Amino acid sequence: MDDPVALTQALVRIDSSNPVLGSTPGPAETEIAHYIGSWLEHRNIETHRIEPMKGCPSIVGIVRGSGGGKSLMFNGHIDSVTTLGYDDNLFSGETKERKLYRRGAGDMKCGIAAVVFALAASKGQALRGDVIFTGVADEDIGTEQVLGADWRADDSIVAESTGEDTISCA
């Protein structure tokens, strides 16, 4: 899959509802972490899985630089909020008027798709510093676990939209 919109749709179609957000536990991040890990591995990107809490894995992808440069980390959470109380098809990933809709599209599967594409594009750039992607389980907790596993960078970009603004991915 070499289209960011199609990748976002595929990610939206995976129910990654957080098991502790909402009154009905979600399935957590196992399936989406596996999907993202496979996507990275298919592009020969070094991939690691961090799972200090069973069923809530984070995925790390790294494109190593030649050395001597600064590193950059792209970070984003791969879980979404509960589906409780919704009746329509939350996982359709439909597009309408150049916007992609359904559970997790803006928060933050669109951002995840964008940064894994940026990571993959960095492979051919002969960079001196490493480029790292961390797709974390449960937002803050997952980021703490990634940092605790010594995945660090000189700078970072968190690809989450702010202010609940609509994001156009198409």
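Please read these numbers as outputs of a predicted model, since none were measured by experiment.

K.L.:
Which parts of the structure should I look at to understand the sheet that holds strand S1 (residues 46-50)?
P.N.:
Backbone hydrogen bonds hold the strands of a sheet together, and the pairing may be parallel or antiparallel. Sheet architecture is open: five strands sit in the order S1-S2-S6-S3-S7, paired in mixed fashion. Looking at strand neighbours, the two that pair on one side only are S1 and strand S7 (155-158), the edges of this open sheet. Taken pair by pair, the neighbouring strands of this sheet meet at an average axis angle of 20 degrees, ignoring direction. Judged from the six bridges that link them, strand S3 (residues 72-77) and strand S6 (residues 131-136) form a sheet pairing that is parallel. Across the sheet, the residue bridging to methionine 73 is isoleucine 132, located in S6. Along the sheet, helix H2 (residues 30-42) contacts S1, strand S2 (58-63) and S6; its crossing angle with S1, the most-contacted strand, is approximately 165 degrees. Relative to S6, helix H4 (residues 140-148) is tilted by about 135 degrees, and along the sheet it contacts S1, S2, S3 and S6.

K.L.:
Can you help me understand the packing of aromatic side chains in this one?
P.N.:
Each pair of aromatic rings is reported with the distance of its centres and the angle of its planes. Throughout the structure, instances matching the rule amount to one aromatic pair. Look at tryptophan 39 and phenylalanine 117: their rings are 5.0 Å apart centre to centre, the planes differ by 55 degrees, and that puts the pair in the tilted class. Residue tryptophan 39 is found in helix H2, and its partner phenylalanine 117 is found in helix H3 (residues 105-122); the two are separated by 78 residues along the sequence. Residue tryptophan 39 shares its accessibility class with phenylalanine 117, and that shared class is buried. Stacked on the ring of tryptophan 39, the Lys or Arg arginine 43 has its end atom at 3.7 Å from the ring centre.

K.L.:
Hey, could you run me through the pattern of salt bridges in this one?
P.N.:
A pair can form between side chains of opposite charge whenever their charged atoms are brought close. Taken as a whole and judged by the stated rule, the model has four salt bridges. Of the charged contacts, one joins glutamate 46 and arginine 64 as a salt bridge, the two residues approaching to 2.8 Å between their closest N and O atoms. Linking glutamate 46 in strand S1 with arginine 64 in the loop between S2 and S3, this pair joins segments that are 18 residues apart in sequence. Accessibility expressed as a relative area gives 28% for glutamate 46, which makes it partly exposed. Judged by its relative accessible area of 48%, arginine 64 is partly exposed.

K.L.:
Would you explain the side chain of serine 122 in this entry?
P.N.:
Mapped onto the elements of the fold, serine 122 is located in helix H3. Residues within four places of serine 122 in sequence aside, it is in contact with Val63, Leu127 and Val131.

Reading the values: the criteria
- Residues numbered from 1 in each chain as written.
- Predicted model: local features only at pLDDT ≥ 70, side-chain atom pairs only at ≥ 80, totals over all residues.
- Heavy atoms only, no water.
- Pairing = 2+ DSSP bridges.
- Helix = DSSP H or I, 4+ residues; strand = E, 2+ residues; numbered from the N terminus.
- Axes fitted to C-alpha atoms, helices over the stretch in contact; angles between N-to-C directions.
- Contact = heavy atoms within 4.5 Å.
- Phe/Tyr/Trp six-rings, centres within 6.5 Å; stacked < 30°, edge-to-face > 60°.
- Buried < 20%, exposed > 50% of the residue type's maximum accessible area, 1.4 Å probe, protein only.
- Lys NZ or Arg CZ within 6 Å of the ring centre and 35° of its normal.
- Salt bridge = Lys/Arg side-chain N within 4 Å of Asp/Glu carboxyl O.

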